[in-house]
Amino acid sequence: MKKLLITLTILFAVCIFSATASAQDCAPITGSQLRTMLVNMGFTVKDLNTTPGSEQIEIKNTTSGLDIYLLCEVSPSKNFVWFTALLNSDSTSYQSRTKDLLKQNGIVQPAQFYITKNGSLKFGLAAENRGVTAAILRRHIDMVSNNIVKTKSFWEKKQSSAP
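Read on for a plain summary of the structure.

### Examining the pairing of strand S6 (residues 121–128)
And then number 1: As paired elements, strand S4 (residues 80–88) and S6 share 8 bridges and run antiparallel to each other. Each residue of the ladder has a partner; that of Val 81, found in S6, is Ala 127.
And then number 2: Inspection of the sheet shows strand S5 (residues 112–115) paired to S6 by 4 bridges, in the antiparallel sense. Note that in S6 the partner of Ile 115 across the bridge is Leu 121.

Following this line, the structure appears as structure tokens:
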């Protein structure tokens, strides 16, 4: 009788675990699903590219009084959801601080500062595209936005003083 009770308990636990394990969907999201999720989260979405498979969406997230425009997109490989922001397109205004920006990468990781081919300074995060939920998107958007605010002194364009 004791063996039967143990066997039934184990069988019950396996059934419960199996039902719970299959409830989570870890499939990657598409660009159109990303757009729908962002709209449902209350963001105003600006479509930058509507080509299926190459969708690019811009949202505005205001953090600590700073309006941050994030480009959100699913990578061509479908393995990542990218969140990027253009910080400074005038390379002469941040060039002298490039070493300090690189040091900040160790603090803001897994996000990073990077410079595009045309010299624009950007900040980005490649988040794994698996099991993405609204809560996960919110966490990534907030993390990117908060790090942009915290590092403003490193990337903002310095105002030239008038004589």
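There is more to say after this.
### Some words on the nonpolar core
And then number 1: Counting 31 residues, the largest nonpolar core has Leu 34, Leu 38, Ile 59 and Phe 83 as the members making the most contacts within it.
And then number 2: Counting only elements with at least two residues in this core, the list comes to helix H2 (31–40), strand S2 (56–63), strand S3 (66–74), S4, helix H3 (98–108), S6 and helix H4 (134–150).
And then number 3: Those residues in contact with Leu 34, other than ones at most four positions away along the chain, are Ile 29, Ile 57, Cys 72, Glu 73, Val 74, Val 81 and Leu 137.

### A few points about the environment of Arg 138
And then number 1: Considering the arrangement of structural elements, one finds Arg 138 in helix H4.
And then number 2: It is 8.3 Å that separates the C-alpha atoms of Arg 138 and Met 41, two residues lying 97 residues apart in sequence.
And then number 3: Residues within four places of Arg 138 in sequence aside, it is in contact with Met 41, Phe 43 and Asn 61.

### Focus on the sheet that holds S2
To summarise the sheet geometry, strands pair through backbone hydrogen bonds and adopt either a parallel or an antiparallel arrangement.
And then number 1: With antiparallel pairing, 6 strands are arranged side by side in an open sheet as S1-S2-S3-S4-S6-S5. Only two strands of the sheet have a single neighbouring strand rather than two, namely strand S1 (45–49) and S5. Each adjacent strand pair in this sheet contributes to an overall mean axis angle of 35 degrees, direction not counted.
And then number 2: This element, H3, spans S5 and S6 of the sheet and lies at about 145 degrees to S5.

The rules we used
- Residues numbered from 1 in each chain as written.
- Predicted model: local features only at pLDDT ≥ 70, side-chain atom pairs only at ≥ 80, totals over all residues.
- Heavy atoms only, no water.
- Pairing = 2+ DSSP bridges.
- Helix = DSSP H or I, 4+ residues; strand = E, 2+ residues; numbered from the N terminus.
- Core = buried A, V, L, I, M, F, W, Y, C linked by side-chain atoms within 4.5 Å.
- Buried < 20%, exposed > 50% of the residue type's maximum accessible area, 1.4 Å probe, protein only.
- Contact = heavy atoms within 4.5 Å.
- Axes fitted to C-alpha atoms, helices over the stretch in contact; angles between N-to-C directions.

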